[in-house]
Amino acid sequence: MVSGELFKDLRLTSYYKYLLYLFGIILILSFFLDVKNIDVYLLRRVALWIIAGGLGIWLIEEIFEKINMMIYEYYLRRDINRYYKVSSWLISLLLLVHVCILLVIVFNFYKLV
């Protein structure tokens, strides 16, 4: 099944991927449609901020996943049982990064309005 393998990386598994695709479509439509009572420039700026935040979270999550796999392999080779403690710390740090990026997006949105 070639088409299944082709679109494997485009699966929507996280909230930021939904936002990324949704605001990507909104951004593209904002260039072609003229809707009354909506400030198109504000809509484009918000869409760009959310797309940038979604891409940032996606990139950071990929980096954390690779770091987590390296830590897991390190502890697996050495037969050490502390992997779960380090892994939970890494997950907490990732959650903190998610929250910080979302807060930056929200504060910039309020600055725009």
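Residues numbered from 1 in each chain as written. Predicted model: local features only at pLDDT ≥ 70, side-chain atom pairs only at ≥ 80, totals over all residues. Heavy atoms only, no water.

Caption draft 1: Inspection of the packing of helix α2 (residues 15–32) against helix α3 (residues 40–78) at higher detail. At their nearest, the axes of α2 and α3 sit 8 Å apart, and the two run at 150° to each other. Our classification of the angle between α2 and α3 gives roughly antiparallel. Here the hand of the crossing between α2 and α3 comes out left-handed. Across the interface between the two elements, Tyr15, Tyr16, Lys17, Leu19, Leu20, Tyr21, Phe23, Gly24, Ile26, Leu27, Ser30 and Phe31 from α2 touch Val40, Leu43, Arg44, Ala47, Leu48, Ile50, Ile51, Gly54, Leu55, Ile57, Trp58 and Glu61 from α3. Per-class residue counts for the contact of α2 with α3 are 18 nonpolar, 3 polar and 3 charged. (Axes fitted to C-alpha atoms, helices over the stretch in contact; angles between N-to-C directions. Helix = DSSP H or I, 4+ residues; strand = E, 2+ residues; numbered from the N terminus. Parallel < 35°, antiparallel > 145°, perpendicular 65-115°, else oblique. Left-handed = near helix turned anticlockwise from the far one by under 90°. Contact = heavy atoms within 4.5 Å. Nonpolar A, V, L, I, M, F, W, Y, C, P; charged D, E, K, R; others polar.)

Caption draft 2: Local environment of the nonpolar core. In terms of nonpolar packing, the biggest core is built from 11 residues, these being Tyr16, Leu20, Phe23, Leu27, Val46, Ala47, Ile50, Ile51, Ile57, Ile101 and Ile105. It is α3 that contributes the most residues to this core, 5 residues altogether. Discounting residues that sit within four places of it in the chain, Ile50 has contacts with Leu19, Phe23 and Ile105. Residues Phe64, Ile71, Tyr75 and Leu90 belong to the second largest nonpolar core, which totals 5 residues. (Core = buried A, V, L, I, M, F, W, Y, C linked by side-chain atoms within 4.5 Å. Buried < 20%, exposed > 50% of the residue type's maximum accessible area, 1.4 Å probe, protein only.)

Caption draft 3: Highlighting a nonpolar patch on the surface. Together, Ile25, Ile28, Leu29, Phe31, Phe32, Leu33, Val35 and Ile38 give the surface a local cluster of nonpolar side chains, amounting to about 840 Å² of exposed area. Examined against the element boundaries, Phe32 turns out to sit in helix α2. (Patch = residues over 30% accessible without salt bridge, like charges linked within 9 Å, V, L, I, M, F, W, Y side chains within 5 Å. Areas by Shrake-Rupley, 256 points an atom, 1.4 Å probe, with all protein chains shown as cover. Salt bridge = Lys/Arg side-chain N within 4 Å of Asp/Glu carboxyl O.)

Purely geometric stuff here, so don't read any function into it on its own.
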